[in-house]
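Now for the letters of each chain:
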Amino acid sequence: MSTGRSGTSEAPLALRDLARCFQGGVPGVIATASDTGEPNITYLSRVRQVDDERVALSNQFFSKTSRNLVSNPRASVLLIDPHTYDEYRLTLVFERTERQGSVFDALREDIEQIASESGMEGVFKLRAADIYRVVDVHRFTPGAPPHRTSEPPAAPTTADVDEGTVVGLDVLAELARRLGRATDLDTIVALAVDGLVDLLGHAHVSLLLADEGNDRLFTIASRGYDESGVGSEVAVGVGTVGLAAARCAAIRTGNLGQLGKYTRTVRRSFEAEGHDLPGREIDTPQLDGAQSRIAVPAMAGGQLVGVVAVESSRVAAFTDADEQRLTIAATLIGSAIEAERNREAAAGSLPSGRPAAAPRSVSEPSRALQTDHQPVRSAAGDEAILVRHYDVDGSVFVAGDYLIKGVAGRVLWTILERYQAAGQVDFTNRELRLDPSLGLPAFRDNLESRLILLRRRLADRAAPMRLDKTGRGQLRLRVDGVLQLDRVR
């Protein structure tokens, strides 16, 4: 295999030296020619290294390419390093097509990730993995692209990675110490996201927990975003985060900007042919200009607890070392959360020897009133704030603005109804857990997680009510103004 820059002589390059080019940061381009010399050029979804002499190309839309290879089995592929912008031209000879096996499975997972990110699961389907032998690698170093005003950050060297691994052990040990000292789930969640920022150095992080059925994830905390996204949900299997949950494995995306351009090009071509494509909006924390994303499952006892997600504005920002450290951190976080849930369940959600707090009455007009017909007014004449609850999905709207849904929404509505009926302001996890109207499962009800989510969502939206934690498994409702409750069955 000959290698080198145009007009220069340098030591031969191995395919492993092109490792960043195989991460999908910049889509590759393949060129083939028919037996009459007519060229065909098309983008590649993914290129993977098979061994020291071979690469595998994803075969999805290759009708012309496949026809050309029958009569002329040679091809040329252009790859670009997302950090240095060096270009590599690989001269290939087609060997075989695989429709099963480890190489095919790896490419299929890559394509599923691209499809899930773009909402094009019905379009991005891997038909085969085409295996090529590499006979030549030629490197070019073009001028910086117009949009680049400075050199990109240098890629980590072996020495950097080795040093970072040592530092990583120190910070991971500190994260473990902090989590080990936490006394409740709320503290664990706060320490987890703070640790990912302060100790591991990731500026944009979010923590999502699995729901009771393990088919959705809900954002319980985030750092580094204009909007916290607390309460937003992701379906398991959808996007980087959802795929990490479905596979219980780390998922990395190295160039979201280029990926978006590529999938939009494919989308336009399919729409032009009259095909309908699915659309999807997922209201999770998003970094403007994000280029890289990594999602790592938080596991405990063989069960999915949640997902740690990290974003960066840098192309191909996350290395194998980052993935390893985040995997350890996510496991520490998942284990701490699961251990606290088990402690809460064993303790019955109440401190030993203390009875549940009795309902406390409050005087009008601060107590909420119910009517479905006329607005309620306080003694001062102020119109009440309408709080509307929909039984169909547990959603709650305050003054017409969406607040929360699901279990957390039903919990809030139950609390507000008791407040309205009897003036109760003190609540315990135990009495909420025993309320049949909430429909909590008997096992792994995640009530404490939902309460944390609810408290944070109320704070984020500056709602006219809040829930303060007054002790282990104890809450107090505080209401500003008069509430008008309206239930839609």
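From a predicted model like this one, the values you see are computed outputs, not experimental measurements. (Residues numbered from 1 in each chain as written. Predicted model: local features only at pLDDT ≥ 70, side-chain atom pairs only at ≥ 80, totals over all residues. Heavy atoms only, no water.)

Once that is clear, we can look at the pattern of salt bridges. Considering all chains together, one arrives at 33 salt bridges under this definition. Put simply, Asp51 and Arg54 hold a salt bridge, and the shortest N to O gap is 3.5 Å. Judged by relative accessible area, which is 29%, Asp51 ranks as partly exposed. Across the salt bridge formed by Glu340 and Arg472, the nearest N and O atoms sit 2.9 Å from each other. Of this pair, Glu340 sits in helix 7 (residues 320–347) while Arg472 sits in the loop between strand 19 (465–471) and strand 20 (474–479); the two residues are 132 residues apart in sequence, bridging distant segments of the chain. Taken together, the shared-partner salt bridges connect Asp51, Glu53, Arg54, Glu95, Arg96, Glu98 and Arg133 into one network. (Salt bridge = Lys/Arg side-chain N within 4 Å of Asp/Glu carboxyl O. Buried < 20%, exposed > 50% of the residue type's maximum accessible area, 1.4 Å probe, protein only. Helix = DSSP H or I, 4+ residues; strand = E, 2+ residues; numbered from the N terminus.)

Moving on to a negative patch on the surface. A contiguous patch of negative charge, built from Asp226, Glu227, Asp288 and Asp460, is present on the exposed surface. Among the structural elements, Glu227 can be located in the loop between strand 9 (216–223) and strand 10 (233–235). (Patch = residues over 30% accessible without salt bridge, like charges linked within 9 Å, V, L, I, M, F, W, Y side chains within 5 Å. Areas by Shrake-Rupley, 256 points an atom, 1.4 Å probe, with all protein chains shown as cover. Lys, Arg positive; Asp, Glu negative; His and termini not counted. Charge placed at Lys NZ, Arg CZ, Asp CG, Glu CD.)

Among the nonpolar cores identified, the biggest contains 67 residues, and Leu207, Val387, Val411, Met465 and Leu477 are the most heavily contacted of them. Ranked by the residues each element gives to this core, the list is headed by helix 8 (residues 406–422), at eight residues. Excluding residues within four positions of it along the chain, Val387 makes contact with Val396, Phe397, Val398, Trp413, Leu416, Met465, Leu483, Gln484, Leu485 and Asp486. Core analysis: the second largest hydrophobic core is formed by 20 residues, Leu44, Leu90, Leu92 and Val134 among them. (Core = buried A, V, L, I, M, F, W, Y, C linked by side-chain atoms within 4.5 Å. Contact = heavy atoms within 4.5 Å.)

In the predicted model, the protein chain carries a mean pLDDT of 80, and 75% of its residues have values of at least 70. This model gives residues 144–167 a pLDDT under 50, and the stretch forms 18 contacts once residues within four places in sequence are excluded. Throughout residues 349–379 the model reports pLDDT below 50, and contacts reaching past four residues in sequence, or to other chains, amount to 73 contacts. (pLDDT = per-residue confidence, 0-100.)

So, about the environment of Ala190. Note on placement: Ala190 falls in helix 4 (residues 185–198). Along the backbone, Ala190 and Leu179 are 11 residues apart, and their C-alpha atoms lie at a distance of 9.7 Å. Those residues in contact with Ala190 that lie beyond four places of it in its chain are Arg223 and Arg456.

Once that is clear, we can look at the sheet that holds strand 1 (residues 29–33). Spatial strand order, 2-1-5-6-7-4-3: seven strands in an open sheet with antiparallel pairing. Edge positions in the open sheet fall to strand 2 (39–43) and strand 3 (47–49), since each of these has one partner strand only. If you compare each strand with its neighbour and ignore which way they point, the axes differ by 30 degrees on average. Together, strand 1, strand 2, strand 4 (54–59), strand 5 (74–80), strand 6 (87–98) and strand 7 (128–140) form the strand contacts of helix 1 (residues 63–71), whose direction differs from that of strand 1 by roughly 45 degrees. (Pairing = 2+ DSSP bridges. Axes fitted to C-alpha atoms, helices over the stretch in contact; angles between N-to-C directions.)

A few words now on the sheet that holds strand 20. Within the open sheet, the three strands sit side by side as 18-20-19. Their pairing is antiparallel. Bordering the open sheet on either side are strand 18 (426–428) and strand 19, each of which pairs with just one other strand. Direction aside, the axes of adjacent strands within the sheet are offset by 30 degrees on average.

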